[in-house]
2 protein chains.
Amino acid sequence: MHRIDDVNVLAECLSSSDFELNFSFPAARYARLFHAHAGDFILREGEEPAYLYYLHTGRVKLYLTLSNGKVSLIDFFEAPCFLGEMELIGVQRESRAIQALGDCRCLALPVRECRELLLHDALFLRKLCVYLGTKNNRNVASLSQNQAFPLANRLAAFLLFASPDGHYRERHTHAAEYLGVSYRHLLHTLSDFSRKGYIVKETRGYRLANRAALEEKARGIES
Amino acid sequence: MHRIDDVNVLAECLSSSDFELNFSFPAARYARLFHAHAGDFILREGEEPAYLYYLHTGRVKLYLTLSNGKVSLIDFFEAPCFLGEMELIGVQRESRAIQALGDCRCLALPVRECRELLLHDALFLRKLCVYLGTKNNRNVASLSQNQAFPLANRLAAFLLFASPDGHYRERHTHAAEYLGVSYRHLLHTLSDFSRKGYIVKETRGYRLANRAALEEKARGIES
DNA sequence: CCGCTTCTATGAGAAATCTCATATTCAGTT
DNA sequence: AACTGAATATGAGATTTCTCATAGAAGCGG
């Protein structure tokens, strides 16, 4: 990830986002702009971030490495959202990494300069509470779903979620991590879906061939 | 759960807790006191709470009922903590219930009167952010652990966690919910631990007989 | 004391999921 | 063009976990 010092690009980003609406102090005055390429790390494991980031464009994934050695993909985040907010409020112990999935633009407030301002800004804190609460809800939902439903149901929901145009193109490796199952088992279930005609393999990915059946499978998950 | 109108008891509760330190306005003026017996519901599923609760004494469990019909135990909370804060900030969609595990005392602020005060109080909001962030961390940790380790490891950790005096006395039904496995499988694994001599069955519960072995099993989980 | 519900307990068999081994393809590198 | 590391695939067998069936024990209101 590298910093972009072009003042015009920064101004453009600021004006094309809700960034400033999150603060009751003139945050724009402190803002920097960063650009991350696909695969770049925005937060590295065990590193104290120097900025509070606001993802302006792009998509990232958050994961942590267990003592197991296994890497567990925790969640996807899409712009707009905060990154590094847990560290700001000082509740971060685990070593987490945030990695860009595609090109990302991040507005950033330097913690050193803004920490006190942020921690006394009721508007920002309220926005942050909502954001944290929403994240919490999602986590709780997936926590209980993972335990309550076998992969077939969760995969059906994921296929529908991740295929806006009816074409599924996620990496199997990513999907397996996200769904919390082994790569092997994901492939099993995909080929099972193929056999049943729910999906059809294409040159690159799958086409959702029987949306109704997938929705039926996914039912009971949406809560 | 019923309200306690004794002003002296209320005053006593206020003075014996950090309650007032969470707010920069005179919250004590608005505070009520409630008492819940074991099994009482503090929040019912699908009900909009009229109060922001601060658990003064006691222990509660939070769970939600899936469309599945299955009930999923999400978490335990111990005093002191907030309850109903998700609803206050307006990010609550799922139907959750909070049930007292033993006798509980709750300080409570009426949402109708305090909502605006609370949502503009930077001190309270900051405390709430920390609280939500901590909750989030716990959820993420258990989310990834559940996926990464079989029950034997998690159970070992749970036994050590839930047996301060070396005697385990949790309800199997509760434990099974909490660990996210079937009752049957929990019993399997317990009897396996028995056979291996890790634990010894007593009149009521189990005694941890081989703490070292349990710690070995639990290792790799503590992150 | 009776009937009801919940918890505890155990067995048998099935389903879900994992590990390991092995190939192939593909993109990037040298 | 050869090499390498990741992603894709597929098979076989083991492990984990679940469902169902059954039964006794404990607690509780009538």
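One can find the structure itself at the top, above this paragraph.
It should be emphasised that the depicted structure is a prediction, and the values quoted were computed from it without experimental measurement. (Residues numbered from 1 in each chain as written. Chains lettered and ligands numbered in written order. Predicted model: local features only at pLDDT ≥ 70, side-chain atom pairs only at ≥ 80, totals over all residues. Heavy atoms only, no water.)

Colleague: Mind showing me how you'd approach the overall build of chain A here?
Modeller: Across its full length, chain A holds eight helices and twelve strands. Residues counted as buried form 51% of the 223 residues belonging to chain A. Total accessible area computed for chain A in this model is approximately 10,400 Å², and 49% of it derives from carbon and sulfur atoms. Distance between charge centres in chain A, computed from 28 positive and 26 negative side chains, equals 6 Å. (Helix = DSSP H or I, 4+ residues; strand = E, 2+ residues; numbered from the N terminus. Buried < 20%, exposed > 50% of the residue type's maximum accessible area, 1.4 Å probe, protein only. Areas by Shrake-Rupley, 256 points an atom, 1.4 Å probe, with all protein chains shown as cover. Lys, Arg positive; Asp, Glu negative; His and termini not counted. Charge placed at Lys NZ, Arg CZ, Asp CG, Glu CD.)

Colleague: Sorry if this is basic, but what is going on with the protein's contact with DNA strand C here?
Modeller: L151, S182 and H185 of chain A together with Y183 and R184 of chain B are the nearest of the 15 residues found near DNA strand C. Sugar and phosphate atoms form 53% of the subset of DNA strand C atoms that lie within 4 Å of the protein. Taking T173 of chain B, its main chain carries an N or O atom lying 3.3 Å from a phosphate oxygen of DNA strand C. At the level of secondary structure, the elements contributing two or more residues to the surface near DNA strand C comprise helix 5 (151–161) and helix 7 (183–195) of chain A together with helix 6 (172–179) and helix 7 (183–195) of chain B. (Near = heavy atom within 4 Å. Polar contact = N/O pair within 3.5 Å; in protein donor to acceptor, adjacent residues only side chain to side chain.)

Colleague: Explain the pairing of strand 11 (residues 199–202) of chain B here, please?
Modeller: Sheet faces and side chains relate simply in a regular strand, where the side chains alternate between the two faces. Residue and element names in this part refer to chain B. Note that strand 11 and strand 12 (residues 205–208) share four bridges and pair antiparallel. Each bridged residue has a counterpart across the sheet, and for K201 the counterpart in strand 12 is Y206. Linking two consecutive strands that pair antiparallel, namely strand 11 and strand 12, is a turn of two residues. (Pairing = 2+ DSSP bridges.)

Colleague: Help me understand the nonpolar core, please; the structure alone is not making it clear to me.
Modeller: Within soluble globular proteins, side chains that are nonpolar generally end up buried alongside one another. The biggest cluster of nonpolar side chains holds 101 residues, and the ones touching the most others in it are I42 of chain A together with I42 of chain B. With near-sequence residues (within four places) excluded, I42 of chain B lies in contact with M1, A36, Y53, V60, L83, I98, A100 and C106 of chain B. (Core = buried A, V, L, I, M, F, W, Y, C linked by side-chain atoms within 4.5 Å. Contact = heavy atoms within 4.5 Å.)

Colleague: Could you clarify how one ought to interpret the packing of aromatic side chains in this entry?
Modeller: What characterises a pair of aromatic rings is the spacing of the ring centres plus the angle enclosed by the ring planes. Residue and element names in this part refer to chain A. On inspection of all chains with the given rule, the structure shows 32 aromatic pairs over all chains. Ring centres 6.3 Å apart and planes at 40° place the aromatic pair F158 and F161 in the tilted group. With F158 and F161 both in helix 5 and three residues apart, the pair spans about one turn of that helix. These aromatic residues form a ring-pair network of at least three members: F19, F23, F25, Y30, Y54, F82, F124 and Y131. (Phe/Tyr/Trp six-rings, centres within 6.5 Å; stacked < 30°, edge-to-face > 60°.)

Colleague: Sorry, what's going on with the sheet that holds strand 12 of chain B here?
Modeller: Hydrogen bonds between backbone atoms are what pair the strands of a sheet, whose relative direction is either parallel or antiparallel. Residue and element names in this part refer to chain B. Within the open sheet, the three strands sit side by side as 10-12-11. Their pairing is antiparallel. A single partner strand is all that each edge strand has here, and the edge strands are strand 10 (167–168) and strand 11. Alignment of strand 10 against strand 12, held across two bridges, turns out to be antiparallel. The residue of strand 12 that forms the bridge with H167 is R207.

Colleague: Would you mind showing me how to read the side chain of H56 of chain B here?
Modeller: Residues and elements named next belong to chain B. On the secondary structure map, H56 appears in strand 4 (residues 51–57). For H56, a relative accessible area of 16% gives the class buried. Only 3.5 Å separates the side chain of H56 from the backbone oxygen of C13, close enough to count as a polar contact. A polar contact of 2.9 Å, which involves the side chain of H56, links it to the side chain of S16.

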